[in-house]
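What follows is each chain in one-letter form.
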Amino acid sequence: MAKRLMRWVHTLWRAVRQLSGDDGYERYLAHHAASRPDAPALSRHAWFALRQQQKWSGIKRCC
Amino acid sequence: MKTTISSLLLWLGVALLGAAAVGGIALNRGESINALWFVTAALCVYAIAYRFYAAWIAATVLCIDATRATPAERLNNGRDFMPTNRWVVFGHHFAAIAGPGPLIGPTLAAQFGYLPGTLWILIGAVLGGCVQDMVTLFFSTRRDGRSLGQMARDELGNIGGIAALVATFLIMIILIAVLGLVVVNAMKNSPWATSTVAATIPIAMLVGLYMYKLRPGRVLEGSALGVILLLLAVAGGGWIDQQAGLRELFNHPGLPLAFAIIGYGFTAAILPVWLLLAPRDYLSTFMKLGTMILLALAIVWLRPEIRMPALTQFVDGSGPIFGGKLFPFVFITIACGAISGFHSLIASGTTPKLLANERDIPMIGYGGMALESFVAIMAMIAATVLDPGVYFAINSPAGVVGKTAAEAVITISAWGFPVTVEQMNQLAQQMGEATLFARTGGAPSLAVGMASIFGSAFGEHLLALWYHFAIMFEALFILTTLDAGTRVGRFMLQDLLGNIWQPLGRTSWYPSVLFSSAVVVSAWGYFLYIGVIDPNGGVNILWPLFGISNQILAAIALCVATGILVKSGKLKYAWITALPLAWLIIITSTATWQKISSDDPRIGFLAAANSLSDKLAAGALSPDKAAVAPQLIFNQQLDAALALFFAALLWLIVIDMLRVCVRHLRGRAVPPLSEAPHYPTRLEEAWQRD
């Protein structure tokens, strides 16, 4: 029972992190490792800066 | 066989329940009706439409292909193109499309009674808005996630592309102005609201610093910190309101607040995104989702009675909040929540780049809009559970009902909606405000409605806190839209100016950033300024303009979709987009015609300009009104020209679409379909292997 509850909480937490983009850097690292393992990955700070800049260069919010 | 019968019975049950609820709402006269019927009707209508109409469109009209690789898979770059879990995409898409629009439109349209707005929200969404969002998402997905403007250019030709671009730019300007006006009306002479809204700016910056410098990318930690600070700011505003010296710092009439918003808009547009825009967007998204869920729960739990009649006498066009008859103005006033052209900009360009499989398109495109429509239904409930007298007292501008409280209650009571000065004073006191009269724009009456729903669910003594929480929550995402819109407007302008003089097109060249931001801010700042000094409340002018422009954008998206359907040999199914398109053409053209040619100065822009110049010439205006009259006259003429321009834009693209369709049907040359070639998806097998 407790184990199932823990698993449920874990799944929920993962969903919240994914929805909010909290796990974005980890997903970037995974993608980077899979696609270009030889090139150095961006630092957390550089990645976040780039991500913000890209996100807000287009229409992202509406009425 | 067994499952078929049980599912048949289930859907038959949903259909009957939905029909009973809609019928109950529509046919009920005289007796009060419970808000739960609205929720039931809405949920049943969306469920039936999603299960049958959306599924049919997906399978038969669009022929969604689950074996086809999406742009997210083919062009995966780990950034904007990235296959993402469907629920996450749904969350992002919904957060992007649901802004303050679906909260404000229904609140204003409640002046006609609860029925017209509610029916339009339901029918408009399932036959119009949801279809628009879904087909745009599908066509953009099949075209490597191209934007609406690019699709219009590829599929119809240059005229369509330019029209889409110009319409987007203008609607942005009008949208920002009207949203700014809503915030100003909520903050004027209210130290509590003003100080709380002001506090959201340093709070957002603090969160920005936290997410960018202190703990880069820790979005959840930063947002949690921000939400706590925002709640403290709501309580802190109440404390400031009690301090004789401090409260005067935040006690301002409309005009200085409008200038503050204009100055803020300029600063926000030139600051780096990480400092203000991005963190506040996280905060407003969390606040928005949290408040919506809370409101839905409170409505279901409390089951408040609707007090507004089904129809009011204002269907004849004499409404105090905005002038104009039920047809076409209820359809113009409620754009977001029924059909919103702006969504087609999100459904093309952003969301398709995240889709892992075409199968997810109905849920995200159609389902996302259905949820936004539900938000609009909740806003309608919050506005109509108020006493109608109170609703009109809050929303009617002083120029219509009279400057003093005594005059206003006499006018409103004479309409058959009894309200007293004591009642309004007591309400204002409960909400922690000096007055609630003439707070036109929807936000304050929605806040009073929400506060009374939350208040009875979670404690009456917290009414003032709930009211200012609701104001803060709306201002938060209105300011986000304002920043984001100004920035997008700037990019578009820079793109355009780059054709004239190349350096102006460089988005990172500081002089160009300053110049183009100043142009965009002055454009919406002008309309905001005029809206604030207008004695009849600028909402009467700006909101219909916004509705018309938003729906013209929707018509452009539907033109592109209809053109693509015809060109793909699906003429017999083209009605799914052509029907809502025809309706939009009718309502926007009628509304534009009336806004230009009506003799009633509260409806016609030119009639208003003429009546004002007559009064000015006759010397019938007080000196302060005479001083601003020339500006108001010019503005009414400008609005008429703008409305005419919008309509011309619409007809231009409709005719262009018809030309392409007719040429195609006659076998002549048309721009070829720009669909990307079919590659089989490899994601499914990869996921199964894992």
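Residues numbered from 1 in each chain as written. Chains lettered and ligands numbered in written order. Predicted model: local features only at pLDDT ≥ 70, side-chain atom pairs only at ≥ 80, totals over all residues. Heavy atoms only, no water.

A closer look at the overall build of chain A
Argument step 1. Within chain A one finds three helices and zero strands.
Argument step 2. Going from the N terminus to the C terminus, chain A shows its helices and strands as α-α-α.
Argument step 3. Computed over C-alpha atoms, the radius of gyration of chain A comes to 16 Å, more than 25% over the 11 Å expected from 2.2 N^0.38 for 63 residues, which places it beyond the range of a compact globule.
Argument step 4. The dimensions of chain A, computed from C-alpha atoms along their principal axes, are 45 × 45 × 20 Å.
Argument step 5. When the 63 residues of chain A are sorted by exposure, 32% land in the buried category.
Argument step 6. Entry remark: accessible area of chain A is about 4,200 Å², with carbon and sulfur atoms responsible for 64%.
Argument step 7. For chain A, the distance from the average site of its 12 positive side-chain charges to the average site of its 4 negative ones is 8 Å. (Helix = DSSP H or I, 4+ residues; strand = E, 2+ residues; numbered from the N terminus. Rg over C-alpha atoms; globule rule 2.2 N^0.38 Å. Buried < 20%, exposed > 50% of the residue type's maximum accessible area, 1.4 Å probe, protein only. Areas by Shrake-Rupley, 256 points an atom, 1.4 Å probe, with all protein chains shown as cover. Lys, Arg positive; Asp, Glu negative; His and termini not counted. Charge placed at Lys NZ, Arg CZ, Asp CG, Glu CD.)

Concerning the packing of aromatic side chains
All names here are of chain B.
Argument step 1. Applying the stated rule across the entire model yields 33 aromatic pairs over all chains.
Argument step 2. Ring centres 5.3 Å apart and planes at 70° place the aromatic pair F38 and Y114 in the edge-to-face group. Taken together, the residues F38 in helix 2 (residues 35-61) and Y114 in helix 6 (residues 114-141) connect sequence positions 76 residues apart.
Argument step 3. Ring geometry for F331 and W583: centres 5.0 Å apart, planes at 85°, overall edge-to-face. A residue pair is termed long-range when its members are at least 10 positions apart, and F331 in helix 14 (residues 326-333) and W583 in helix 25 (residues 575-597) qualify at 252 residues. (Phe/Tyr/Trp six-rings, centres within 6.5 Å; stacked < 30°, edge-to-face > 60°.)

What to know about the nonpolar core
Argument step 1. One finds F342(B) and W524(B) to be the most contacted residues of the largest nonpolar core, which totals 231 residues.
Argument step 2. Dropping the residues within four chain positions of it, F342(B) is found in contact with I59(A), R61(A), C62(A), C63(A), I171(B), M172(B), L175(B), N550(B) and L553(B).
Argument step 3. If you look at the next biggest cluster of nonpolar residues, it comprises nine residues, including Y529(B), A609(B), L621(B) and A629(B). (Core = buried A, V, L, I, M, F, W, Y, C linked by side-chain atoms within 4.5 Å. Contact = heavy atoms within 4.5 Å.)

Topic: the interface of chain B and chain A
Argument step 1. On the chain A side, the residues contacting the 49 residues of chain B number 28 residues.
Argument step 2. Interface area for chain B against chain A, summed over the two sides, is near 3,300 Å², with a carbon-plus-sulfur share of 65%.
Argument step 3. Summed over the three residues of chain B that lose the most area to chain A, namely R79(B), Y212(B) and L220(B), the buried surface amounts to 18% of that side.
Argument step 4. Taken together, the connections running from chain B to chain A amount to two salt bridges.
Argument step 5. In this structure, the salt-bridge partner of D281(B) is K55(A), at a minimum N-O distance of 3.8 Å.
Argument step 6. In this assembly, chain B and chain A are joined by seven residue pairs in polar contact (both at pLDDT 80 or more).
Argument step 7. At seven residues, helix 4 (residues 86-97) of chain B tops the list of elements feeding residues into the side of chain B that touches chain A.
Argument step 8. A per-class count over the side of chain B that touches chain A returns 28 nonpolar, 17 polar and four charged. (Buried area = accessible area lost by both parts, 1.4 Å probe. Salt bridge = Lys/Arg side-chain N within 4 Å of Asp/Glu carboxyl O. Polar contact = N/O pair within 3.5 Å; in protein donor to acceptor, adjacent residues only side chain to side chain. Nonpolar A, V, L, I, M, F, W, Y, C, P; charged D, E, K, R; others polar.)

Some remarks on helix 22 (residues 463-497) of chain B
Argument step 1. The end-to-end C-alpha separation of helix 22 of chain B is 50 Å, in line with the 51 Å expected for 35 residues at 1.5 Å each.
Argument step 2. Within helix 22 of chain B, 32 of the 35 residues are buried, which leaves the element mostly enclosed by the surrounding structure. (Expected span 1.5 Å × (residues − 1).)

Brief notes about the side chain of S674(B)
Argument step 1. Positionally, S674(B) belongs in the loop between helix 27 (623-665) and helix 28 (683-689).
Argument step 2. Excluding residues within four positions of it along the chain, S674(B) makes contact with R143(B), R146(B), D154(B) and E155(B).

Points about the pattern of salt bridges
All names here are of chain B.
Argument step 1. The tally for this structure, following the rule as stated, stands at 22 salt bridges over all chains.
Argument step 2. With a shortest N-O distance of 2.8 Å, E155 and K567 are connected by a salt bridge. With E155 in helix 7 (residues 148-155) and K567 in helix 24 (residues 539-567), this residue pair connects regions lying 412 residues apart in the sequence. The two residues E155 and K567 agree in class, both being buried.

Things to note about the packing of helix 24 of chain B against helix 25 of chain B
All names here are of chain B.
Argument step 1. Orientation of helix 24 relative to helix 25, taken along the N-to-C sense of each, is 150°, at an axis distance of 9 Å. As judged from the angle between their axes, helix 24 and helix 25 are roughly antiparallel. Helix 25 is crossed by helix 24, and the crossing has left-handed handedness. Of the residues in helix 25, those in contact with N540, P544, I548, Q551, I552, A554, A555, L558, C559, A561, T562 and L565 of helix 24 are I576, T577, A578, P580, L581, L584, I587, T588, A591, T592 and K595.
Argument step 2. Looking at the contact of helix 24 with helix 25, its residues break down into 16 nonpolar, six polar and one charged. (Axes fitted to C-alpha atoms, helices over the stretch in contact; angles between N-to-C directions. Parallel < 35°, antiparallel > 145°, perpendicular 65-115°, else oblique. Left-handed = near helix turned anticlockwise from the far one by under 90°.)

Geometry only, nothing functional implied.
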